[in-house]
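Listed below, chain by chain, are the residues.
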Amino acid sequence: MSDYLEPPKRYGKEPEPRGNVVKHSTKINKNDIFTLGGMDVPFFAITIALLTIGLVMLFSSSYPYALQNENDSYYFFSRQLIFAILGVVVMLVVSKINYKLIKVVILPLAIVTIGLLGLVLFYHTNVGDFRRWIQLGPITLQPSDIAKFTIIAIMADYVSKNAKKMRKPIHGIVIPMVILAVFCGLIYLEHHLSCTILVFCIGATIMFCGGTDWRIFALGVGLMAAVIVVVVLNPEVLMNYAGDRIKAWLDKSFDPSGLRWQTNNSLYAIGSGGFFGTGLGNSKQKFLYVSEPQNDFIFAIVCEELGFIGAGIIIALFAALFVRGVKIALRTDDKFGALLVIGIVSQVAVQTIFNIMVVTDTIPNTGISLPFFSYGGTAILMLLFEMGIVLSVSRKSNQKKV
């Protein structure tokens, strides 16, 4: 009778799964390179809205400075527009590619990123005491912009592979912190304190969402808070430029024609905007009062021209992008994809919060840019590439269009 209880034998190949069935194997099937299904339309729409408003505000805020220093009012806008168009194309292409392919390139991506972070310390453009940019012909590359995505990919891969071990101190704290220390250390040596803090926050967010014991995590946050207090009370322990900026933040009368100049004029711009703003294009502070208004302090010009209402709408759009991204992550049944999305939208959220806090003099001037708004070809290209990955995850998760 036992012969009749054996399961029937199958001959030939097993039938291929249909539709968007998620494969949990780390191997990528050749037929699974492209992702089917509709993208998350609200997330795409919010991205395009922020990009469009950002380009308009970049031109409005930058043309006096561009005319004065580059003899071309369209200098920053035209270059940013080229990278933005290229970035949208990249975003749409990436959105159709299976995000799991990132696992295949994580090791070479890490090697290249660490190599660039090391190279920029010795071969860089001479901008004060900063070592952040590599000149490649007409293009300036900022390795730290690439490092933001690299750390997201590495941490998402590590946490998803060690999900059941994340509550253990070694796997949940020690190993991830070593990974973060390598990237944060190299970025700090570039004299880029703001990006160092940002990369650390991204990694910590992925660790927390990935299952690190909250008690150990809380202890780490407490220690970090203690370090921040010590540094604020003793700014001389940091590099000169960072320590001086903390002094300028604590003492509002510190060097008003130097380190306080940009922050003071930023506050003047915000105050001048009032509730409804002075109107698009009508800022006075952008006429060489706010230094390089196309970069870190562009939000001050936004507040001056669009007022409290306009600034509030833009902040609401950033909040909507974050909330929609979290919803995409929660609807994704693949831990790696979910953590990728969490890391990307957390990067945008933390960077936006830091930038607004700097512009409003809530924290020291750290030199951090505003996503979608601040001038920077590498930054906008990498940002739209990341938005494409979120859209790819949304396709794979079979989300319904809303």
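Computed from a predicted structure; not experimentally measured. (Residues numbered from 1 in each chain as written. Predicted model: local features only at pLDDT ≥ 70, side-chain atom pairs only at ≥ 80, totals over all residues. Heavy atoms only, no water.)

1. Some details on the packing of aromatic side chains
Inclusion rule: When the centres of two rings from Phe, Tyr and Trp lie within 6.5 Å, Trp using its six-membered ring, the rings pair. Their planes under 30 degrees apart give stacked, over 60 give edge-to-face, and anything left gives tilted. A run of H or I in DSSP becomes a helix once it reaches four residues, and a run of E becomes a strand once it reaches two; helices and strands are each numbered from the N terminus. When a residue's accessible area, from a 1.4 Å probe over protein chains only, is under 20% of the maximum for its type it is buried; when over 50% it is exposed; and in between it is partly exposed.
All told, the structure shown has 13 aromatic pairs when counted by the stated rule. For the ring pair Phe59 and Tyr74, a centre distance of 5.2 Å and an interplane angle of 20° mean the geometry is stacked. Pair noted here: Phe59 is in helix α2 (residues 41-70) and Tyr74 is in the loop between α2 and α3 (75-95), with a separation of 15 residues, a long-range link. Note on Phe59: relative accessible area 27%, which makes it partly exposed. For the pair Phe275 and Phe276, a centre-to-centre distance of 5.1 Å together with 80° between the ring planes defines the contact as edge-to-face. The exposure class assigned to Phe275 is partly exposed, which follows from its relative accessible area of 47%. When its relative accessible area of 64% is taken as the criterion, Phe276 is described as exposed.

2. Some details on the pattern of salt bridges
Cut-off, in case you're wondering: In the sections that follow, a salt bridge refers to a side-chain nitrogen of Lys or Arg positioned within 4 Å of a carboxyl oxygen of Asp or Glu.
Inspection of every chain in the model, using the stated rule, returns 5 salt bridges. Taking the shortest distance from any N to any O, the salt bridge between Lys161 and Asp157 comes out at 3.3 Å. Taken together, the residues span about one helical turn, with Lys161 and Asp157 both in helix α5 (residues 143-161) at a distance of 4 residues.

3. Brief notes about the layout of surface pockets
Heads up, the condition is: A 1.4 Å probe that fits but cannot get out identifies a cavity on a 1 Å grid over protein atoms alone, an open set with protein on both sides within 12 Å along at least five of seven lines counts as a pocket, and a residue lines either if it has an atom within 4 Å of a point. Grid points are joined across faces, edges and corners, and a volume is the space filled by probe spheres set on the points. The nonpolar class holds Ala, Val, Leu, Ile, Met, Phe, Trp, Tyr, Cys and Pro. Asp, Glu, Lys and Arg form the charged class, and all remaining residues, Gly among them, are polar.
Roughly 1,300 Å³ of volume is contained in the second largest pocket. Ile197, Phe200, Cys201, Met224 and Ile228 are, among the 38 residues lining the second largest pocket, the residues nearest its centre. Counting only elements with at least two residues in the lining of the second largest pocket, the list comes to α6 (169-189), α7 (193-210), α8 (214-233), α9 (240-250) and α12 (335-359). Residue classes in the lining of the second largest pocket are distributed as 31 nonpolar, 6 polar and 1 charged.

4. Some thoughts on the confidence of the model for the protein chain
Rules: What pLDDT expresses is the predictor's confidence in each residue, scored from 0 to 100. Here, two residues are considered to be in contact whenever any of their heavy atoms come within 4.5 Å of each other.
On average, residues of the protein chain carry a pLDDT of 84, and 87% of them reach 70 or more. In the model, residues 1-25 has pLDDT below 50 throughout and makes 17 contacts with residues more than four positions away in sequence or in other chains.

5. Quick word on empty space enclosed by the protein
In total, this model carries 1 cavity of 30 Å³ or more according to the counting rule given. Lining the largest cavity are 18 residues, with Lys148, Gln351, Ala379, Ile380 and Leu383 sitting closest to its centre. Of all the secondary structure elements, the ones that give two or more residues to the lining of the largest cavity are α5, α12 and α13 (377-396). It is α13 that contributes the most residues to the lining of the largest cavity, 5 residues altogether. Here the residues of the lining of the largest cavity are counted per class, giving 9 nonpolar, 6 polar and 3 charged.

6. Some points on the nonpolar core
The line we're drawing: Residues belong to one nonpolar core when they are buried, are Ala, Val, Leu, Ile, Met, Phe, Trp, Tyr or Cys, and are joined through side-chain atoms within 4.5 Å.
Grouped together as the largest cluster of nonpolar side chains are 90 residues, with contacts concentrated most on Ile151, Phe372, Phe373 and Met387. Of all the elements, α12 adds the most residues to this core, at 14 residues. Dropping the residues within four chain positions of it, Phe373 is found in contact with Leu50, Ile53, Gly54, Met57, Leu58, Gln294, Ile298, Val302, Ile314 and Phe318.

7. Quick look at the packing of α5 against α7
As a reminder of what qualifies: Lines fitted to the C-alpha atoms define the axes, with helices restricted to the stretch that makes contact. Angles between their N-to-C directions range from 0 to 180 degrees. Throughout, the term roughly parallel applies to angles under 35 degrees, roughly antiparallel to angles over 145, roughly perpendicular to angles from 65 to 115, and oblique to all others. In this scheme the handedness of a crossing depends on how the near helix is turned from the far one: anticlockwise by less than a right angle means left-handed, clockwise means right-handed.
In contact at an axis separation of 10 Å, α5 and α7 are set at 15° when each is read in the N-to-C sense. Relative to α7, the element α5 lies roughly parallel. In this structure, α5 meets α7 at a crossing whose hand is right-handed. In this structure, α5 uses Ser144, Lys148, Ile151, Ile152, Met155, Ala156 and Val159 to contact α7, whose residues at the interface are Cys195, Leu198, Val199, Ile202, Gly203, Ile206, Met207 and Gly210.

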